[in-house]
Amino acid sequence: MNNFLFENKTKVYFGKGGVKEYLGCLLEHYGDTVMLAYGGGSIKHNGVYDEIVGILNAEGKRIVEFPGIMPNPTYAKVQEGAKLARENHVDLILAVGGGSVSDCCKVVSAQAKVDEDLWELENTKHTRPTAFIPLGTIVTVFGTGSEMNNGAVITNEETHVKGAYLGAMPMWAALDPALTLTVPHAQFMSGAFDTLSHCMESYFGSPRGRNVTDDINLAIQRNVIRNMRIIADDDQNLDARSELVYDSAMAENGMLKIGKSTDFQAHMIQHQYGAYTHTNHGMGLAVIHPALYRHLAPEAPAQFARWAREVWGVDAKGKDDLTVALEGIDRLQTFIGEMGLPTSFAEMGSDASDETLHKVADTCVLTGGCAKKLERSEVFQILTECL
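Below is a short write-up of the structure. Bear in mind the structure is a predicted one, so any value in this text is a computation, not a measurement.

### Some details on the packing of aromatic side chains
And step 1. Under the defined criterion, the tally for this structure stands at 15 aromatic pairs.
And step 2. Ring centres of Trp 307 and Trp 312 lie 6.2 Å apart, and the angle between their planes is 85°; on these two criteria the pair is classed as edge-to-face.
And step 3. Ring pairs connect the aromatic residues Tyr 203, Phe 204, Tyr 293, Phe 304, Trp 307, Trp 312 and Phe 335, which therefore count as one cluster.
And step 4. The side chain of Lys 44 reaches across the aromatic face of Tyr 49, ending 4.9 Å from its centre.
And step 5. The ring of Phe 188 carries Arg 241 above its face, with NZ or CZ at 4.3 Å from the centroid.

Below you can see the structure in the form of structure tokens.
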């Protein structure tokens, strides 16, 4: 394993009814003004909004609403939120929703505390923000694991760049598996696949060979697959949903990256594809992963073969590592289809013109942690294999 430093300060309140049980007590630690941030308004139809507002009112908080955070949050939306937070002297940001809401609010928290543009601060001056408005999260859509890290993915619509920012680390996260019942089945499964993707992206890095981080990772992958299959047959199964909620947090709280350089090439490709097409993140990953892995497996056959054996149960007897690896990738693609997720851009109904795919290939980040560093021509080839 590589040398590492590890710390995670987010306190997790896990379990059914956690918002009602803990939110009032948590609010006592902050000032009077709370920014209530959420997405398209679904929380107003499923009772979540009324419950949270009732608790905020009972604690005497002044509520500043920040609605309309979109699935691929934009830099303009971040600036809108930061301006609102500054003007109202917000003491706490309460992000209610999925990873997009959380990501947006992390950057709002940081941008509200500095006068200069955060993109310039982080990418030109290479300086990280150091002051934040405290942030708490109530997660209703799981899969990103955003509630337990300080990373955020934001789309700059002017430049067509969907990229990473560093923002606030959530002080705490309320993870109530019952809240996942309020979102559509397809959205939940897309989020669950995002969790699996995070695990795979962390596993297919370096160093290769057996280590405790990868042992934990492969176990979580098996758990995600098993429980996604349960949900596919029994959408209301709260035990399986609970497992997937915890899997999501584990996949992105840093545990699976300890002592490793990770991959995340599939994410980098999907981020740019999403920047041009505004498509669902988890579904895009489901399309991209098998095609990408068929290009990477020949460069790290032993690592892919272990994954095929231990995650997908491929019988390796009498087969070389690459044959085993490719069979594992085939099983991944079959699983994706069985879960009702798309296996091609055509199934997604998204733009897959040569012009768009060339733009994605020419602008996506090329990672150094994968089995090989791709050329842009090969990224374009991978994208055409997703048609």
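### Looking at the packing of helix α6 (residues 185-203) against helix α9 (residues 265-277)
And step 1. Look at α6 against α9: their axes get within 9 Å of each other, and the N-to-C directions meet at 130°. Accordingly, the angle class assigned to the pair α6 and α9 is oblique. When α6 is examined against α9, the residues Asp 194, Ser 197, His 198 and Glu 201 are found in contact with a partner set consisting of Gln 265, Ala 266 and His 267.
And step 2. Residue classes in the contact of α6 with α9 are distributed as one nonpolar, four polar and two charged.

### What about the pattern of salt bridges?
And step 1. For the coordinates displayed, the defined rule picks out 16 salt bridges.
And step 2. Put simply, Lys 77 and Glu 80 hold a salt bridge, and the shortest N to O gap is 3.3 Å. Taken together, the positions of Lys 77 and Glu 80, both in helix α3 (residues 75-87) and three residues apart, correspond to about one turn of that helix.
And step 3. Of the charged contacts in the structure, one is a salt bridge between Lys 125 and Glu 116, with a shortest N-O distance of 2.9 Å.
And step 4. The network of salt bridges with shared partners includes Arg 210, Asp 215, Arg 306 and Glu 310.

### Digging into the side chain of Gln 270
And step 1. You can see Gln 270 is positioned in helix α9.
And step 2. Within polar-contact distance, the side chain of Gln 270 engages the side chain of His 281 at 2.5 Å.
And step 3. Leaving out residues up to four positions away in the same chain, Gln 270 has contacts with Lys 162, Thr 279, Asn 280, His 281, Gly 284, Leu 285 and Ile 288.

### Overview of the side chain of Asn 88
And step 1. Of note, Asn 88 is situated in the loop between α3 and β4 (92-97).
And step 2. Asn 88 gets classed as buried once you look at its relative accessible area, which sits at 18%.
And step 3. Ignoring sequence-local partners within four residues, the contact set of Asn 88 consists of Thr 33, Arg 62 and Val 64.

Thresholds, definitions, all that
Residues numbered from 1 in each chain as written. Predicted model: local features only at pLDDT ≥ 70, side-chain atom pairs only at ≥ 80, totals over all residues. Heavy atoms only, no water. Phe/Tyr/Trp six-rings, centres within 6.5 Å; stacked < 30°, edge-to-face > 60°. Lys NZ or Arg CZ within 6 Å of the ring centre and 35° of its normal. Axes fitted to C-alpha atoms, helices over the stretch in contact; angles between N-to-C directions. Helix = DSSP H or I, 4+ residues; strand = E, 2+ residues; numbered from the N terminus. Parallel < 35°, antiparallel > 145°, perpendicular 65-115°, else oblique. Contact = heavy atoms within 4.5 Å. Nonpolar A, V, L, I, M, F, W, Y, C, P; charged D, E, K, R; others polar. Salt bridge = Lys/Arg side-chain N within 4 Å of Asp/Glu carboxyl O. Polar contact = N/O pair within 3.5 Å; in protein donor to acceptor, adjacent residues only side chain to side chain. Buried < 20%, exposed > 50% of the residue type's maximum accessible area, 1.4 Å probe, protein only.

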